[in-house]
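# Secondary and tertiary structure notes
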Amino acid sequence: MTDVRITLDDVVLQGAVTGAGPTILLLHAGGEHRGVWVPVASRIAAAGFRSVAFDLRGHGDSTGEANVLRAVADDVVEMVRREPAPLVVVGASVGGLAAIAALGEPDIARQVAGLILVDVVPESDPDRVRAWLSEVGLHDQRTDLVEDSLAAAPELHATAVAAQVPILLVRGEKSSLTDAEVDRFRADRPVSVARVPDAGHLVAREAPEELARIISEQADIWLATA
């Protein structure tokens, strides 16, 4: 594992690179940090991939404030631009939303061979999201980012629908994501779905081996045709 850093005008993003081969960018959930990906990264390295995992701004060892989704998405744009194309992007929760927003940049979409969303869709029921985040103690910690992300949902949905990038949704079997939310997303564009038994919202923590298998197998398919 090698430490890496991106220095931008208002933030320093700290990350780690694991393995060698085609690149997979790993974006963690809100309230998490890049360390959550270590078990996943080691397994996808064994499958022949190079992974890059950054602490999102305002998380872990990265500086800055994560108050609005656009700022996080702009950081993701810079992460992608610094990597060799084509690459696969994996985004969990708010990391997935930031990845969708980044795909609104045409040059970024051209670099990305595929997007794996981990237990998140662009439009979710706001009351359900707020209730779940309050239950796990995260809503009050990230209120500004949560509310901004919810407000951005229609734009995120439109961006995901328009993006010429294949998408795989990984769902935790025990998560709060509803079938109705998934069906609404899939009604407007092709989206493959993989379910992870015995996992909730934080699939990387709860089922790293299965998540790594899914990521590796899907990346093989996408990168072979990129």
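As the structure is a prediction and not an experimental result, all values here were calculated from the model.

### Here's the deal with the side chain of Arg 34
Its place among the elements puts Arg 34 in the loop between strand E3 (23–27) and helix H1 (38–46). Within polar-contact distance, the side chain of Arg 34 engages the side chain of Asp 61 at 3.4 Å. Beyond its immediate chain neighbours, meaning those up to four positions away, Arg 34 contacts Asp 3, Gln 14, Gly 15, Ala 16, His 28, Ala 53, Phe 54, Asp 55 and Asp 61.

### A short note on the pairing of strand E7 (residues 167–172)
Look at any regular strand and the pattern is simple: side chains alternate between the two faces of the sheet. Burial analysis of E7 places 6 of its 6 residues in the buried class, the great majority of the element. Because side chains alternate across E7, one face comprises the buried residues Ile 167, Leu 169 and Arg 171, and the other comprises Leu 168, Val 170 and Gly 172, equally buried. Note: strand E6 (residues 112–118) against E7, 4 bridges, orientation parallel. When the sheet's bridge partners are listed, Val 118 is paired in E7 with Val 170. Pairing of E7 with strand E8 (residues 192–196) involves 5 bridges; the strand directions are parallel. Bridging across to E8, Leu 169 finds its partner in Val 193. Where the polypeptide runs from E7 across helix H8 (residues 179–188) and back to E8, its parallel neighbour, the crossover connection is right-handed.

### Here we look at the pattern of salt bridges
Enumeration over the complete set of coordinates arrives at 18 salt bridges. The partner of Asp 107 in a salt bridge is Arg 81, and the shortest N-O contact between them spans 3.0 Å. Of this pair, Asp 107 sits in helix H4 (residues 106–111) while Arg 81 sits in helix H2 (residues 69–81), and the two are 26 residues apart along the sequence. You can call Asp 107 partly exposed: its relative accessible area is 26%. For Arg 81, a relative accessible area of 38% translates into the label partly exposed. A cluster of three or more residues bridged by salt bridges with shared partners is formed by Glu 78, Arg 81, Arg 82 and Asp 107.

### Quick word on the packing of helix H3 (residues 94–102) against helix H7 (residues 153–162)
The interhelical angle for the contact between H3 and H7, taken along N-to-C directions, is 60°, at an axis separation of 8 Å. For the element pair H3 / H7, the angle class is oblique. Crossing angle aside, the handedness with which H3 passes H7 is left-handed. In this structure, H3 contributes Leu 97, Ile 100 and Ala 101 to the contact, and H7 contributes Leu 156, Thr 159 and Ala 160. The class makeup of the residues in the contact of H3 with H7 is 5 nonpolar, 1 polar and no charged.

### Let's talk about the sheet that holds strand E4 (residues 50–54)
Taken together, 8 strands build an open sheet; the order of strands is E1-E2-E4-E3-E5-E6-E7-E8 and the sheet is mixed. With one partner strand each, in any of the chains shown, strand E1 (2–7) and E8 form the two edges of the open sheet. Along the sheet, successive strands turn relative to each other by an average axial angle of 20°, direction set aside. In this sheet, strand E5 (residues 87–92) lies alongside E3 in parallel orientation, the contact comprising 4 bridges. Along E5, the bridge assignment pairs Leu 27 with Gly 91. Sheet strands touched by H2: E1, strand E2 (12–18), E3, E4, E5 and E6. Its angle to E3, the strand with the most contacts, is close to 165°. Together, E6, E7 and E8 form the strand contacts of H8, whose direction differs from that of E7 by roughly 175°.

Quick notes on the rules
Residues numbered from 1 in each chain as written. Predicted model: local features only at pLDDT ≥ 70, side-chain atom pairs only at ≥ 80, totals over all residues. Heavy atoms only, no water. Helix = DSSP H or I, 4+ residues; strand = E, 2+ residues; numbered from the N terminus. Polar contact = N/O pair within 3.5 Å; in protein donor to acceptor, adjacent residues only side chain to side chain. Contact = heavy atoms within 4.5 Å. Buried < 20%, exposed > 50% of the residue type's maximum accessible area, 1.4 Å probe, protein only. Pairing = 2+ DSSP bridges. Right-handed = clockwise from strand over helix to strand, strands pointing away. Salt bridge = Lys/Arg side-chain N within 4 Å of Asp/Glu carboxyl O. Axes fitted to C-alpha atoms, helices over the stretch in contact; angles between N-to-C directions. Parallel < 35°, antiparallel > 145°, perpendicular 65-115°, else oblique. Left-handed = near helix turned anticlockwise from the far one by under 90°. Nonpolar A, V, L, I, M, F, W, Y, C, P; charged D, E, K, R; others polar.

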